[in-house]
Amino acid sequence: MTPLRLFILLNPAIGLVFATVFVVLWLNQRNRPYILMMAGASASYALAVTAQMTIPAMPRIGLNTMTSAVLYQLALSLFVEAMLTRVGVVGNRRWLLGISAVILSLVAYFFYVDDSLSTRIYVQNLGAGAMLCFAALRLLAAPAWKPIDRVLFCVVLLTGLHFLPRTVMTMRVDVPAGLITPENFGRSLFYSALGFALVILALLLCLTFLLAVALDIFDDLRRERNGDSLTPLLNRRGFEEEADRRLVRLHGAPASVIFCDIDRFKSINDGHGHAAGDEVIRAVGRLIAEELRREDIAGRIGGEEFVILLPQSGHEDARLLAERLRARIAELHIGALAGATLTASFGVAEAGPNEPLDEVMERADEMLYRAKRGGRNRVEG
């Protein structure tokens, strides 16, 4: 067996290895269906390459041609659907089915009706490029982007775009279109370049997707560790870690901290029960989350105590937000409180240049206790 043949055999091996990895990963992350889709894409890719290399080329029957074409399209479609499902971009299946139907119809036409190997090569390679470019453009519609999504976008787009110059240049330089047959195609420079490129691209796409999944899992674990159990906010540890990082990045720019404490919370628990207390905490936490800008962060740092960090905001902006929150909390209607009015007190402090987080939090906490001593349902600082 020639070194080239051995090298091309890496393609199905890579596909099977990644299919196994993704199946094992999915068994531990069943809430992520896109992992199973990627396992299917990897397996289909391995089967497509194997079919192309092992099924005899039979004139007028086309078992090799059509089987490998269907499996390649299935692999591409599953990969695109997995990638877009992961980022929350839905409604792609009809487009994938439509593009795949056109490509497979053209492959069948240029085998059974007007037999032309060179045209089939163009159709399949340019079709693969079109599907990957479509996937990259659809990726732009993702509701939120992580840094790994930018990497994935670039990898998929460049992989899709490379099919055009590679196909055109290699086919023109290597074998004249009219002389292409299955026999000399297997010995052509294009076939060698195709085998080499597929190994590299398969590794690149699978590894990038695997890295994206791993980072998704890591982010979820970090959110679970740092998130509050009752509200959409951070817990104390999560807030302090993130607030420290953001204060350092400000390089002396203004920032403010707001402390919030629900008034007479113990009497709520005693008079209405702990379930009512939890309902109150959830309602206040949701309200605070609604008022945050993209750059702000907030956490629940005690039973009924909340803290907000406002980067790029001075004392007056913080007071305005605290007053707005105070007024909105007083307007909340909590069914478990049976019509009783809910209020909260606030303390505000602006961070000095390069002031540590614990110091500015301590000053905001002092303002909060001043608001409590001053009659509650007020803002101090």
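That block above? That's the structure.
By convention here, each chain's residues receive numbers from 1 onward along its written sequence. Given that the model is predicted, a residue must reach a pLDDT of at least 70 before its local features are reported, and side-chain atom pairs must reach 80 or more before they are shown or counted; all residues, however, enter totals for whole chains, interfaces and linings. No hydrogens and no water enter the side-chain calculation; it runs on all heavy atoms of the structure.

Undergrad: An account of the overall build of the chain is requested, with residue identities and associated values reported.
TA: Only runs of H or I of at least four residues qualify as helices and only runs of E of at least two qualify as strands under DSSP, and these elements are numbered from the N terminus. The helix and strand inventory of the chain stands at 14 helices and 5 strands. When accessible area is computed with a 1.4 Å probe and restricted to protein chains, residues below 20% of their type maximum are described as buried, those above 50% as exposed, and intermediate ones as partly exposed. Expressed as a percentage of the 381 residues in the chain, the buried residues total 48%. Contact definition: two residues touch when any of their heavy atoms are within 4.5 Å. Expressed as a percentage of contacts within the chain between residues at least 6 apart in sequence, the contacts between residues at least 24 apart total 72%. Looking at the chain as shown, the accessible area adds up to about 18,900 Å², and 62% of this sits on carbon and sulfur atoms. All accessibility values rest on the Shrake-Rupley procedure with a 1.4 Å probe; residue burial counts only the protein chains present in the view.

Undergrad: Explain the pairing of strand β2 (residues 297-300) residue by residue, including any values.
TA: Regular strands place side chains that alternate from one sheet face to the opposite one. Side-chain alternation along β2 places I297 and G299 on one buried face and A298 and R300 on a second face that is also buried. When DSSP finds at least two bridges between two strands, those strands are taken to pair. Across 4 bridges, β2 lies against strand β3 (residues 305-311) in antiparallel orientation. Pairing of R300 across the sheet is with F306, part of β3. What sits between β2 and β3 in their antiparallel hairpin is a turn of 4 residues.

Undergrad: Go over the nonpolar core, please, and point to the residues and values.
TA: Core analysis: the largest hydrophobic core is formed by 54 residues, its most contacted members being F22, M38, Y45, F79, M83, V156 and F209. Elements represented by at least two residues in this core include exactly α2 (10-28), α3 (33-54), α4 (63-86), α5 (93-113), α6 (117-139), α7 (147-174) and α9 (189-226). Ignoring anything within four residues of it in the chain, the contact list for Y45 reads N11, G15, Y72, A75, L198, V199 and A202. Note on terminology: a nonpolar core comprises buried Ala, Val, Leu, Ile, Met, Phe, Trp, Tyr and Cys residues joined through side-chain atoms within 4.5 Å.

Undergrad: An account of the packing of α3 against α4 is needed here, citing residue identities and associated values.
TA: Every axis corresponds to a line fitted to the C-alpha atoms, with the helix fit spanning only the stretch in contact, and the corresponding angles, defined between N-to-C directions, vary from 0 to 180 degrees. Direction vectors running N to C along α3 and α4 enclose 160 degrees, while the axes themselves pass 8 Å from each other. One way to sum up the angle between α3 and α4 is to call them roughly antiparallel. Along this stretch, α3 crosses α4, giving a crossing that reads as left-handed. Residues are grouped as follows: Ala, Val, Leu, Ile, Met, Phe, Trp, Tyr, Cys and Pro are nonpolar; Asp, Glu, Lys and Arg are charged; all remaining types, including Gly, are polar. Within the contact of α3 with α4, the residues separate by chemical class into 16 nonpolar, 7 polar and 2 charged. An angle below 35 degrees is treated as roughly parallel, one above 145 as roughly antiparallel, one from 65 to 115 as roughly perpendicular, and anything else as oblique. In this scheme the handedness of a crossing depends on how the near helix is turned from the far one: anticlockwise by less than a right angle means left-handed, clockwise means right-handed.

Undergrad: Quick one: what's the story with unusual backbone geometry, residue by residue and with numbers?
TA: Backbone geometry places Q312, a non-glycine residue, at a positive phi of 60 degrees. Topologically, Q312 is positioned in the loop between β3 and α13 (315-330). The backbone phi angle of R376 is positive, close to 65 degrees, even though this residue is not glycine.

Undergrad: Which residues make up a negative patch on the surface, and what values do they have?
TA: Within the patch definition used here, like charges are joined within 9 Å and nonpolar side chains (Val, Leu, Ile, Met, Phe, Trp, Tyr) within 5 Å, considering only residues with over 30% relative accessible area and no salt bridge. Here a salt bridge means any side-chain nitrogen of Lys or Arg lying within 4 Å of a carboxyl oxygen belonging to Asp or Glu. Asp and Glu count as negative and Lys and Arg as positive, but His and the ends of the chain are not part of the count. In this description, the location of a charge corresponds to atom NZ of lysine, CZ of arginine, CG of aspartate or CD of glutamate. On the surface, a cluster of negative charge is contributed by D244, D358, E359, E362 and E366. Inspection of the secondary structure puts D358 in helix α14 (residues 357-373). Judged by relative accessible area, D358 falls into the exposed class, the value being 53%.

Undergrad: How would you sum up the sheet that holds strand β5 (residues 379-380)? Please name residues and give values.
TA: Read from one edge to the other, the open sheet built from 5 strands follows the order β2-β3-β1-β4-β5, with strand pairing classed as mixed. Two strands close off the open sheet at either side, each with one partner strand: β2 and β5. Those strands touched by helix α12 (residues 274-291) are β1 (255-262), β2 and β3, and its axis lies near 5 degrees from that of β3. Against the sheet, α14 touches β1, β3, β4 (344-350) and β5, its axis set at about 145 degrees to β4.

Undergrad: Summarise the side chain of T65; cite the residues concerned and give the values.
TA: Here T65 lies in helix α4. Discounting chain neighbours no more than four positions away, the residues touching T65 are V107, F111 and R120.

Undergrad: Would you mind going over the packing of α12 against α13 in detail, with residue names and values included?
TA: Relative orientation of the contacting elements α12 and α13 amounts to 140 degrees, with a least axis distance of 11 Å. Here α12 lies oblique to α13, going by the angle between them. Crossing handedness for the pair α12 and α13: right-handed. Here V284, L287, I288, E290 and E291 of α12 come into contact with α13, specifically with L321, R324, L325, R328 and I329. For the contact of α12 with α13, the class distribution of residues is 6 nonpolar, no polar and 4 charged.

Undergrad: Give me the environment of L233: which residues, what numbers.
TA: Examined against the element boundaries, L233 turns out to sit in the loop between α9 and α10 (236-250). Judged by its relative accessible area of 5%, L233 is buried. When residues no more than four places from it in sequence are discounted, the contact partners of L233 are G227, D228, G285, I288, A289, A298, G299, R300 and F306.

Undergrad: Outline the pairing of β3, supporting the account with residue identities and numerical values.
TA: Taking burial as the measure, the 7 residues of β3 include 7 buried ones, the bulk of the element. Burial along β3 is two-sided: E305, V307, L309 and P311 facing one way and F306, I308 and L310 facing the other are all buried.

Undergrad: Describe in detail the packing of aromatic side chains, supporting the description with residues and values.
TA: Given two aromatic rings, one states the distance between the centres and the angle between the planes to describe the pair. Note on aromatic pairs: the rings of Phe, Tyr and Trp (six-membered ring only in Trp) are paired at centre separations within 6.5 Å, and the planes decide the class, stacked below 30 degrees, edge-to-face beyond 60, tilted for the rest. Counted according to the given criterion, the structure contains 8 aromatic pairs. On the numbers, 6.0 Å between centres and 70 degrees between planes, the contact of F22 with F209 is edge-to-face. Residue F22 is found in helix α2, and its partner F209 is found in helix α9; the two are separated by 187 residues along the sequence. Each member of the pair, F22 as well as F209, is classed as buried. Arranged with centres 4.9 Å apart and planes meeting at 80 degrees, the rings of F111 and Y112 form a pair that is edge-to-face. Accessibility expressed as a relative area gives 43% for Y112, which makes it partly exposed. Pairwise contacts between aromatic rings join F18, F22, Y34, F79 and F209 into one cluster.

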